[in-house]
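Fold and contact review
Chain by chain, the residues:
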Amino acid sequence: MTGVRKSFGDHVVLRAVDLVVGAGQCVVLIGASGSGKSTLLRCANLLETVDDGVITFQGDDITDPRVDVDEVRARMGLVFQSYNLFPHLSVLGNLTLALRKVHRVEASEADERAAAMLDRVGLSEKAHARPDDLSGGQQQRVAIARALVTRPALMLLDEVTSALDPELVGEVLDLLSDLKAEGVTMLLNTHEMEFARDVADRVSFLHDGVVHESGTPDQVLGDPQQERTRAFLSRLRA
Ligand code: ADP
Ligand code: MG
């Protein structure tokens, strides 16, 4: 992202955001509630149209108005705080739907890929269950699996543990750590600073519509240089 600007009416949320996520990297966005973290992820996924600036994805300028939005989105996986699983479909059905409808994968291959993905997230035995029969942590792992099964070049994860009971947060963060180790490229926002410290390649602090401070977790979380970053982190730890 270069100079990305996004307003809602006269409320400027993103003023000039510069951000780079390298292949295989995990970049963690931090920032106060309302600082624009979700808006940034939604801009990356073209759910919002930016007012100015450029977003380049795998070499393509995806802010070009002529871009095929569906084609770009098909190369990304997006997971929200609320899992948004299809309640009337089985877990397996949730995973195969996009594969078949968007990616035009044949039913038998879609089933195979979905089964392999469920195995990878440790939920093989739940393939035929309905989402409602799973715990929140399991549902979120299904939502992540559903995004991953299409083999996206980038995973966007918006506070994926925020809606979970505390005892269920760990299993989802562990899955994200595994994905990072497997080389999955991720841009995510979270308040889980221990996770950010352990897994992120970079931590970027969003404040006042810009990336106010960015660096390794040790730099930004351990030795922040900006007063605003220090204030944010101390409020978080209070
Ligand atoms: P964060 O995820 O960091 O909490 P958001 O990106 O959700 O922040 O929101 C940033 C600001 O943009 C907030 O003030 C929010 O009210 C506003 N905002 C987000 N989406 C919309 C929208 N669709 N219309 C109007 N204002 C919005
Ligand atoms: Mg948000």
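Read on for a plain summary of the structure. Bear in mind that the values here come from a model prediction, so they are computed numbers and not experimental data.

Take the sheet that holds strand E1 (residues 2-8) next. If you walk across this open sheet you meet the three strands as E2-E1-E4, and the pairing is antiparallel. Of all strands in the sheet, those with a lone pairing partner are strand E2 (11-17) and strand E4 (52-54), marking the two edges. Direction aside, neighbouring strands of the sheet carry axes that sit 20° apart on average. As paired elements, E1 and E4 share two bridges and run antiparallel to each other. Bridge pairing links Thr2 to Val54 in E4. Relative to the sheet, helix H1 (residues 37-44) contacts E1 and E2, its axis offset from that of E2 by approximately 65°.

Moving on, we come to the site of ligand 1. Within the structure, ligand 1 sits among Phe8, His11, Val13, Ala32, Ser33, Gly34, Ser35, Gly36, Lys37, Ser38 and Thr39. Backbone polar atom of Gly34 to an oxygen atom of ligand 1: 2.7 Å apart, as the coordinates give it. Thr39 places a polar side-chain atom, nitrogen or oxygen, 2.6 Å from an oxygen atom of ligand 1. With the chains in place, 59% of the 560 Å² that ligand 1 exposes on its own is no longer accessible. Breaking the shell around ligand 1 down by element, the ones donating at least two residues are E2 and H1. Ranked by residue count, the leading element in the shell around ligand 1 is H1, at three residues.

Its volume calculated, the largest pocket comes out at about 580 Å³. Lining the largest pocket are 23 residues, and of these Met76, Gly77, Leu78, Ala98 and Arg146 sit closest to its centre. At the level of elements, helix H2 (69-73), strand E7 (76-79), helix H3 (91-101) and helix H5 (136-148) are the ones that each hand at least two residues to the lining of the largest pocket. When residues of the lining of the largest pocket are assigned to their parent elements, the largest contribution, four residues, is made by E7. Of the residues assigned to the lining of the largest pocket, the class counts are 13 nonpolar, seven polar and three charged. Two domains share the lining of the largest pocket, each providing at least three of its residues, namely domain 1 (2-75 + 153-237) and domain 2 (87-152). By volume, the second largest pocket is sized at about 310 Å³.

Time to look at the pairing of E2. Bridge analysis of E1 against E2 gives four bridges, and the strand direction is antiparallel. Each residue of the ladder has a partner; that of Lys6, found in E2, is Leu14. Taken together, E1 and the strand that follows it, E2, pair antiparallel across an intervening segment of two residues, in which Gly9 is found at a positive phi of about 60°.

So, on to the environment of Leu47. Considering the arrangement of structural elements, one finds Leu47 in the loop between H1 and E4. Looking at Leu47, the relative accessible area reads 34%, which means it is partly exposed. When the C-alpha atoms of Leu47 and Val102 are compared, they prove to be 17 Å apart, with 55 residues separating the residues in sequence. Ignoring any residue separated from it by four or fewer positions in sequence, one finds Leu47 in contact with Arg42, Arg73, Leu78 and Phe80.

How each quantity is defined
- Residues numbered from 1 in each chain as written.
- Chains lettered and ligands numbered in written order.
- Predicted model: local features only at pLDDT ≥ 70, side-chain atom pairs only at ≥ 80, totals over all residues.
- Heavy atoms only, no water.
- Pairing = 2+ DSSP bridges.
- Helix = DSSP H or I, 4+ residues; strand = E, 2+ residues; numbered from the N terminus.
- Axes fitted to C-alpha atoms, helices over the stretch in contact; angles between N-to-C directions.
- Contact = heavy atoms within 4.5 Å.
- Near = heavy atom within 4 Å.
- Polar contact = N/O pair within 3.5 Å; in protein donor to acceptor, adjacent residues only side chain to side chain.
- Areas by Shrake-Rupley, 256 points an atom, 1.4 Å probe, with all protein chains shown as cover.
- 1 Å grid on protein atoms, 1.4 Å probe; cavity = no way out; pocket = protein on both sides within 12 Å on 5 of 7 lines; lining within 4 Å.
- Points joined across faces, edges and corners; volume = space filled by probe spheres on them.
- Nonpolar A, V, L, I, M, F, W, Y, C, P; charged D, E, K, R; others polar.
- Domains from an automatic or database assignment.
- Buried < 20%, exposed > 50% of the residue type's maximum accessible area, 1.4 Å probe, protein only.

Just distances and angles here, no functional claims.
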